[in-house]
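# Architecture and fold: a report
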Amino acid sequence: MQLVDTHVHLNFDSFADDLAAVAENWRAAGVVRLVHSCVQPSEFESLVKLADQFPELVFAVGLHPLDAEQWLPSSSADILALAQSDPRVVAIGEMGLDFYKSASQEQQEQVFRAQLSIARQLDLPVIIHCRDAAERMAAILQEFWQDDQAPVRGVMHCWSGNPAETQLFLDLGFYISFSGIVTFKNALQVQASAQMVPDERLLIETDCPFLSPVPRRGEKRNQPAYVRHVAEQVARLRQVSLEVIAAQTTANACRLFELTLPQAAESMSANAICTS
């Protein structure tokens, strides 16, 4: 069984002392690929070093909405150049809108649109952060569907929306990724969303080091190995086996991010490799 954690932050200080052991844990849990998200373009060098150290890791480049005030006139060109500088860049992000305790909504929207344009120019998927902004987010994405160019594709990461909001993004062709939130007892709306997402649009993630899932809820630091607990909960909610969820979400991650799985050259089987 192979799992893909589609959203990690391993360059955070909480992993500085024992990252090799954390890697052994994710390998033991069956995690064969990880997509490392990016909060700020200044992280790029650290992400390259991590990918050099761990060949199962690919990464994104972008600016988080809560850092929108750091956007400069040169930022678009910088992100574009960084994305083109390394073939292990598989997405632009994380980007998006976060209107929770935020006074920078207009600037967030401007930065979001700029990064969507970069992703479309490079034909890369986007990793979207959306908090308390689903309707506005959907309206902006709809603009990119209504022009004459190809629509932007990507994933709503760490999804915490209700089924009606989920449908907004499914209608726009987006994948929906569930984190440890889906294991929380009171996350009934998120659990309902996890039940309705079509098989071919479903992804899983940890968003580590945040949001440790049940039964690891008491641990302050989440880690990629715990994506298995997310998969187990999604399997329970959808009344299928863990193996089915693993196969579906891994195939979906491969398709969206154009990932190749390990040992494909040896087995040459349909289950060992998947590309878009």
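Residues numbered from 1 in each chain as written. Predicted model: local features only at pLDDT ≥ 70, side-chain atom pairs only at ≥ 80, totals over all residues. Heavy atoms only, no water.

## Some remarks on the packing of helix α6 (residues 163-170) against helix α7 (residues 188-196)
The geometry of α6 relative to α7 is characterised by a closest axis approach of 9 Å and an angle of 40° between their N-to-C directions. In terms of orientation, α6 and α7 fall into the oblique class. Crossing geometry of α6 relative to α7 is assigned as right-handed. In contact with Pro 163, Thr 166, Gln 167 and Leu 170 of α6, α7 contributes Gln 189, Ala 192, Ser 193 and Met 196. Of the residues assigned to the contact of α6 with α7, the class counts are 4 nonpolar, 4 polar and no charged. (Axes fitted to C-alpha atoms, helices over the stretch in contact; angles between N-to-C directions. Helix = DSSP H or I, 4+ residues; strand = E, 2+ residues; numbered from the N terminus. Parallel < 35°, antiparallel > 145°, perpendicular 65-115°, else oblique. Left-handed = near helix turned anticlockwise from the far one by under 90°. Contact = heavy atoms within 4.5 Å. Nonpolar A, V, L, I, M, F, W, Y, C, P; charged D, E, K, R; others polar.)

## Re the environment of Gln 107
Relative to the helices and strands, Gln 107 is located in helix α4 (residues 105-122). Separated by 40 residues in sequence, Gln 107 and Asp 67 place their C-alpha atoms 9.9 Å apart. With sequence-adjacent residues up to four places away left out, Gln 107 is seen in contact with Ala 68 and Glu 69. Of the polar contacts made by the side chain of Gln 107, one reaches the backbone oxygen of Ala 68; its length is 3.2 Å. (Polar contact = N/O pair within 3.5 Å; in protein donor to acceptor, adjacent residues only side chain to side chain.)

## Here's the deal with the sheet that holds strand β6 (residues 154-156)
Spatial strand order, β1-β2-β3-β4-β5-β6-β7-β8: 8 strands in an open sheet with parallel pairing. What marks the edges here is a single partner per strand, and that holds for β1 (3-8) and β8 (202-204). Within the sheet, the average angular offset between the axes of one strand and its neighbour, ignoring direction, is 30°. With respect to the sheet, α4 is in contact with β4 (89-98) and β5 (126-131), its orientation differing from that of β4 by roughly 160°. Each of β1, β2 (31-36), β4, β5, β6, β7 (175-178) and β8 touches helix α9 (residues 242-257); the most contacted strand, β8, lies at about 95° to it. (Pairing = 2+ DSSP bridges.)

## Observations concerning the environment of Gln 233
Along the chain, the position of Gln 233 falls in helix α8 (residues 227-238). Judged by relative accessible area, Gln 233 falls into the buried class, the value being 12%. Separated by 178 residues in the primary sequence, Gln 233 and Pro 55 have C-alpha atoms spaced 28 Å apart. Residues within four places of Gln 233 in sequence aside, it is in contact with Val 182, Thr 183 and Gln 191. A distance of 3.2 Å separates a polar side-chain atom of Gln 233 from the backbone oxygen of Val 182. (Buried < 20%, exposed > 50% of the residue type's maximum accessible area, 1.4 Å probe, protein only.)

## With respect to α4
Here α4 contains 18 residues, and its C-alpha end-to-end distance of 26 Å stays within 8% of the 26 Å for a straight helix at 1.5 Å per residue. Packed against the buried residues of α4 are α3 (75-85), β4, β5 and α5 (134-146). Downstream of α4 by a residue or two, Asp 123 has a phi angle that is positive, lying close to 55°. (Expected span 1.5 Å × (residues − 1).)

## Points about the UniProt feature "binding site: a divalent metal cation 1" (unreviewed entry) in the chain
UniProt records the feature "binding site: a divalent metal cation 1" (unreviewed entry) for His 7, His 9, Glu 94 and Asp 207 in the present numbering. With the annotated positions falling across 201 residues, the maximum pairwise C-alpha distance of 11.3 Å places them together in a single cluster. The topology assignment puts His 9 in the loop between β1 and α1 (19-28). In this structure His 9 comes out as buried when scored by relative accessible area, which is 2%. Setting aside chain neighbours within four positions, we find His 9 in contact with Phe 15, His 36, Ser 37, Val 39, Glu 94, Asp 207, Cys 208, Pro 209 and Phe 210. Within polar-contact distance, the side chain of His 9 engages the side chain of Glu 94 at 3.2 Å. Among the structural elements, Asp 207 can be located in the loop between β8 and α8. Once residues lying within four places of it in the same chain are set aside, the contact partners of Asp 207 are His 7, His 9, His 157 and Cys 158. (UniProt positions renumbered as here; feature names shortened; annotations may be inferred.)

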